[in-house]
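Each chain is listed here by its residues.
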There are 2 protein chains.
Amino acid sequence: MLTYEDFPVGEVLPMGPKTVTEAEMIAFAEKYDPQPFHTDPESDMATGVGGLIASGWHTCGIMMRMICDAYLLDSASMGAPGLDEVRWLLPVRPGDILTGTTTVLDRRISNSRPTLGLLTLQYELQNQKGETVMLTKGTGMMATKEGVAA
Amino acid sequence: MLTYEDFPVGEVLPMGPKTVTEAEMIAFAEKYDPQPFHTDPESDMATGVGGLIASGWHTCGIMMRMICDAYLLDSASMGAPGLDEVRWLLPVRPGDILTGTTTVLDRRISNSRPTLGLLTLQYELQNQKGETVMLTKGTGMMATKEGVAA
């Protein structure tokens, strides 16, 4: 199991690939973000922006699943208090193949809990053209080896 | 249809209520965030934190739907470039009834597009005990009346 010690500053963890389907985009948007450019490729709003676009929140969900599959489910993660930045830079379209990285920007041990590490992480997603479609930064909590053994 | 002019600084728009079900929490998490404390109430990870907790990304999705239903689907929204802050302050649990507000913190007309308004918005969600469970801030793009007429 990966612990705080396995995430040194500068570490870059690859994620994906994940193909985004139109059906999945529409299913997510109908439930959580039913704006026409997310739900209906024939709508005026969608055709006005070059076709269906994934909800930014759907892209966040896809990113989270890529993080889980890349390393988080095999780690001593203790959750996350939030994010400091979310940037939806380019539209995600049906058929896009997303890959990404998690980069460890900084880290420290919690002042109040010596077995808890705090990782400052940057997450990026690229499409099949190599364009960055989303960028986020946030804090992840990760137990130390000593914390896992306790 | 609501336009930029309908969102003065200081405006507070109510959202919800929305009841969060265990089935919905698990369905979201199995697809997008399959950490055991989000997917399995009987798991050691869930019992260790007092029971099943909604994925923070699921709470974001619920918030987005509450925003859509409260005002966004009846507005001249042009999307959003991202968020500057996402804070998951307290766990969201099965059966929680969420309400919330969107507050207009600031606004201005785009320098490059005089028919496009930029709203600085704060979103908050509370549970049935009145506790704030999530807080986010970001920018929303909204056409002006002139932009809609054009």
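The rules behind each value
- Residues numbered from 1 in each chain as written.
- Chains lettered and ligands numbered in written order.
- Predicted model: local features only at pLDDT ≥ 70, side-chain atom pairs only at ≥ 80, totals over all residues.
- Heavy atoms only, no water.
- Helix = DSSP H or I, 4+ residues; strand = E, 2+ residues; numbered from the N terminus.
- Least-squares fit on C-alpha atoms with pLDDT ≥ 70 in both.
- Contact = heavy atoms within 4.5 Å.
- Axes fitted to C-alpha atoms, helices over the stretch in contact; angles between N-to-C directions.
- Nonpolar A, V, L, I, M, F, W, Y, C, P; charged D, E, K, R; others polar.
- Buried area = accessible area lost by both parts, 1.4 Å probe.
- Salt bridge = Lys/Arg side-chain N within 4 Å of Asp/Glu carboxyl O.
- Polar contact = N/O pair within 3.5 Å; in protein donor to acceptor, adjacent residues only side chain to side chain.
- Pairing = 2+ DSSP bridges.
- Core = buried A, V, L, I, M, F, W, Y, C linked by side-chain atoms within 4.5 Å.
- Buried < 20%, exposed > 50% of the residue type's maximum accessible area, 1.4 Å probe, protein only.

S.K.: Is there a simple way to think about unusual backbone geometry in this case?
M.R.: Most peptide bonds are trans, and most residues other than glycine sit at a negative phi. Gly16 of chain A connects to Pro17 of chain A through a cis peptide bond whose omega is 5°. Among the secondary structure elements, Pro17 of chain A is positioned in strand E1 (residues 12–19).

S.K.: What's the story with the relation of the copies chain B and chain A in this structure? I'm lost.
M.R.: For the pair of chain copies, the relating operation is a rotation around an axis with a shift along it. Superposition of chain B onto chain A requires a rotation of 180° combined with a translation of 0.0 Å along the rotation axis, giving an RMSD of 0.0 Å. Such a combination of rotation and displacement between the chain copies is what one expects of a two-fold axis. Both copies present the same face, since 100% of the interface residues in chain B are matched by interface residues at the equivalent positions in chain A.

S.K.: Would you explain the packing of helix H4 (residues 56–70) of chain A against helix H1 (residues 22–32) of chain B in this entry?
M.R.: The description of two helices packed together rests on the angle between their axes and the distance between the axes. Look at H4 of chain A against H1 of chain B: their axes get within 8 Å of each other, and the N-to-C directions meet at 65°. Of the residues in H1 of chain B, those in contact with His58, Gly61, Ile62, Met64 and Arg65 of chain A of H4 of chain A are Glu30, Lys31 and Tyr32 of chain B. Tallied by class, the residues present in the contact of H4 of chain A with H1 of chain B amount to 3 nonpolar, 2 polar and 3 charged.

S.K.: How should I be thinking about the interface of chain B and chain A in this particular structure?
M.R.: It is common to give the size of an interface as the accessible area that goes away when the parts come together. Each partner contributes residues to the interface: chain B has 30 residues there, and chain A has 30 residues. Taken over both partners, the interface formed by chain B and chain A buries close to 2700 Å², and the fraction arising from carbon and sulfur atoms is 61%. Interface area lost by chain B to chain A is led by Tyr32, Trp57 and Leu83 of chain B, which between them contribute 26%. The tally of links between chain B and chain A comes to 2 salt bridges. Residues Arg87 of chain A and Asp84 of chain B are paired through a salt bridge, measuring 2.6 Å at the closest nitrogen-oxygen approach. Along the contact surface separating chain B from chain A lie 16 residue pairs in polar contact (both at pLDDT 80 or more).

S.K.: When you look at the sheet that holds strand E5 (residues 132–143) of chain B in this model, what are you seeing that I'm missing?
M.R.: The strands making up a sheet associate through hydrogen bonds between their backbones, and the pairing can be parallel or antiparallel. In spatial order, the strands read E1(A)-E3(A)-E4(A)-E5(A)-E2(A)-E2(B)-E5(B)-E4(B)-E3(B)-E1(B); together these 10 strands make up an open sheet with antiparallel pairing. Single-partner strands in this sheet number two, and they are E1 of chain A together with strand E1 (12–19) of chain B. The mean inter-strand angle of the sheet, taken between neighbouring strand axes irrespective of direction, is 20°. Looking at chain direction, E1 of chain B and strand E3 (residues 97–109) of chain B are connected through 6 bridges and run antiparallel. For Thr19 of chain B, the partnering residue across the bridge sits in E3 of chain B and is Ile97 of chain B.

S.K.: I keep staring at the nonpolar core and nothing clicks. Help me out?
M.R.: Soluble globular proteins tend to pack their nonpolar side chains together in the buried interior. Core analysis: the biggest nonpolar cluster contains 72 residues, and Trp57 of chain A together with Trp57 of chain B have the highest contact counts within it. Setting aside residues up to four positions removed in sequence, Trp57 of chain B forms contacts with Trp57, Cys60, Met63, Met64 and Leu83 of chain A together with Phe28, Asp33 and Trp88 of chain B.

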